[in-house]
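This is what each chain is made of:
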Amino acid sequence: MAEDHRAGGADTTAMSAEEDSQVVNPWEVSAKDGGKIDYDKLIEKFGCQRLDQPLVNRVERLTSRPAHVFLRRGVFFAHRDFNEILDVYERGEKFYLYTGRGPSSEALHLGHLVPFMFTKYLQDVFKVPLVIQLTDDEKCMWKNLSVEESRRLARENAKDIIACGFDISRTFIFSDFDYVGGAFYQNMVRVAKCVTFNKVVGIFGFTHEDHIGKISFPPIQAVPSFPSSFPHLFAGRDNLRCLIPCAIDQDPYFRMTRDVAPRIGYQKPALIESSFFPALQGETGKMSASDPNSAIYVTDSPKVIKNKVNRYAFSGGQDSIENHRKYGANLEVDIPVKYLGFFLEDDDELEHIKKEYGAGRLLTGEVKKRLIEVLSEIVERHQKARALVTDEMVDAFMAVRPLPHMFS
């Protein structure tokens, strides 16, 4: 595919503030002067495709299920070869899913849950196997965590992932520290031999001050895209296609992977990519572990959620009730409306809220009240599910074993 040739040149793929006024890579997402990310520009720069309505309609037709809210509302907005995955499925052939988590914090926030909620939907409707990579080695290197702490956080994060409801008979969760070796490592070496130092600098923006662990990491995230990396799951299925649901900041890893794959005899992975979940303080803000008020965490109590939304969720409402009734809310910047766009299932109710709020007939407090109800319900449901996840369940999901109902 033409778009992947761009991943091969050191001077064409790095996103730089000078060239594009925004930086988007796996470790930094920022726009010039604190502005919003321009997703159209990202699609053009990265060379992926817009996920359009005909593709959404095709998913609904093939699965006989309504499209997930993240598809219907454009949260997952870009793709690479997703149409080919649907071709595979329509022919009655199989594929598998691959996604991951870099375990750098004790608890996940709602933004972390987005790809897992969507991946669960994909697993449910297509009835396909799933591998979930916990990059505890990456976080050890980037966050300056000890090996022991990174491994501990990986298991804690695995409990939150399992609580999303994945089917254990079709799901394998692995930590890099535990799994890397054998066929997986052989594929890592195959990829590493195809990527020069200049290429990895161009794709990821590494500098001469970065330690060699960072420079050598990309093949580790690349090779779960290849079924031969999991011989206990996919022995004899080396041509099995892989679909990767992820946020678009992970795209550099898979541009590299797609560039290398045909050179070492593998299929290119397909991607379906999401926009970024905004901080409570606004789309120009950044969710940060150092600022617990920038996000809703899955450990937050209803009282904490209410306080965070009321105090910190950036409003597009006017500065007085009189002006609000006259001019209405600015929905483009209003975080409660944006959060409802992610998590309020009812399309009709969402459109009603946007119409009434935009016209000034609904007040900010009323919209925030509805958001508090929606988020509290999601977090409470997650907390109940996570409380039931035992260490034995984590061991079972992470055990190297065949999946009994992998494609059934």
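Residues numbered from 1 in each chain as written. Predicted model: local features only at pLDDT ≥ 70, side-chain atom pairs only at ≥ 80, totals over all residues. Heavy atoms only, no water.

A. Just the packing of aromatic side chains, in detail. Across all of its chains, the model carries 37 aromatic pairs by this definition. Both rings, one in Y98 and one in F254, keep their centres 5.9 Å apart while their planes meet at 85 degrees; by these two values the pair is edge-to-face. One end of the pair, Y98, is in strand β5 (residues 95-101); the other, F254, is in helix α15 (residues 251-260), and 156 residues separate them in sequence. You can call Y98 buried: its relative accessible area is 2%. The rings of W27, Y98, W142, F204, F206, F217, Y253 and F254 are connected pair by pair, giving a single aromatic cluster. Directly above the aromatic system of F46 lies the positively charged group of R255, at a separation of 4.4 Å from the ring centroid. (Phe/Tyr/Trp six-rings, centres within 6.5 Å; stacked < 30°, edge-to-face > 60°. Helix = DSSP H or I, 4+ residues; strand = E, 2+ residues; numbered from the N terminus. Buried < 20%, exposed > 50% of the residue type's maximum accessible area, 1.4 Å probe, protein only. Lys NZ or Arg CZ within 6 Å of the ring centre and 35° of its normal.)

B. Region of interest: helix α20 (residues 364-387). Helix length check: α20, at 24 residues, gives a terminal C-alpha distance of 34 Å against a target of 34 Å (1.5 Å per residue), a fit within 8%. Considered for burial, the residues of α20 that qualify are T364, V367, K368, L371, I372, V374, L375, S376, I378, V379 and H382. Among the structural elements, α6 (110-126), α8 (147-162), α16 (302-312), α17 (321-327), α18 (335-343) and α19 (347-358) are those in contact with the buried residues of α20. (Expected span 1.5 Å × (residues − 1). Contact = heavy atoms within 4.5 Å.)

C. Spotlight on the confidence of the model for the chain. Chain-level pLDDT for the chain is 91 on average; 93% of the residues reach the 70-or-more range. In the model, residues 1-19 has pLDDT below 50 throughout and makes 51 contacts with residues more than four positions away in sequence or in other chains. (pLDDT = per-residue confidence, 0-100.)

D. Spatial organisation of unusual backbone geometry. You will see that K127, though not glycine, has its phi angle at about 55 degrees, which is positive. Classification of K127 as partly exposed rests on a relative accessible area of 44%. The backbone phi angle of N144 is positive, close to 60 degrees, even though this residue is not glycine.

E. Expanded view of the sheet that holds strand β8 (residues 241-247). Within the open sheet, the 7 strands sit side by side as β3-β4-β9-β8-β5-β6-β7. Their pairing is mixed. Unpaired on one side and paired on the other, β3 (49-50) and β7 (171-175) mark the two borders of the sheet. Note: β5 against β8, 3 bridges, orientation parallel. Pairing of F95 across the sheet is with R241, part of β8. Packed on one face of the sheet, α6 meets β4 (76-80), β5, β6 (130-134), β7, β8 and β9 (270-274) and runs near 165 degrees to β5. (Pairing = 2+ DSSP bridges. Axes fitted to C-alpha atoms, helices over the stretch in contact; angles between N-to-C directions.)

F. Examining the layout of surface pockets more closely. Here the second largest pocket defines a volume of roughly 700 Å³. Counting residues per element, the ones that place at least two in the lining of the second largest pocket are α4 (69-72), α6, α18 and α20. Looking at side-chain class alone, the lining of the second largest pocket contains 15 nonpolar, 2 polar and 9 charged residues. (1 Å grid on protein atoms, 1.4 Å probe; cavity = no way out; pocket = protein on both sides within 12 Å on 5 of 7 lines; lining within 4 Å. Points joined across faces, edges and corners; volume = space filled by probe spheres on them. Nonpolar A, V, L, I, M, F, W, Y, C, P; charged D, E, K, R; others polar.)

G. How the structure looks around a nonpolar patch on the surface. A cluster of nonpolar side chains, namely V180, Y185 and V189, defines an oily patch on the protein surface of about 230 Å² accessible area. Its location among the elements puts V189 in helix α10 (residues 182-192). For V189, a relative accessible area of 34% translates into the label partly exposed. (Patch = residues over 30% accessible without salt bridge, like charges linked within 9 Å, V, L, I, M, F, W, Y side chains within 5 Å. Areas by Shrake-Rupley, 256 points an atom, 1.4 Å probe, with all protein chains shown as cover. Salt bridge = Lys/Arg side-chain N within 4 Å of Asp/Glu carboxyl O.)

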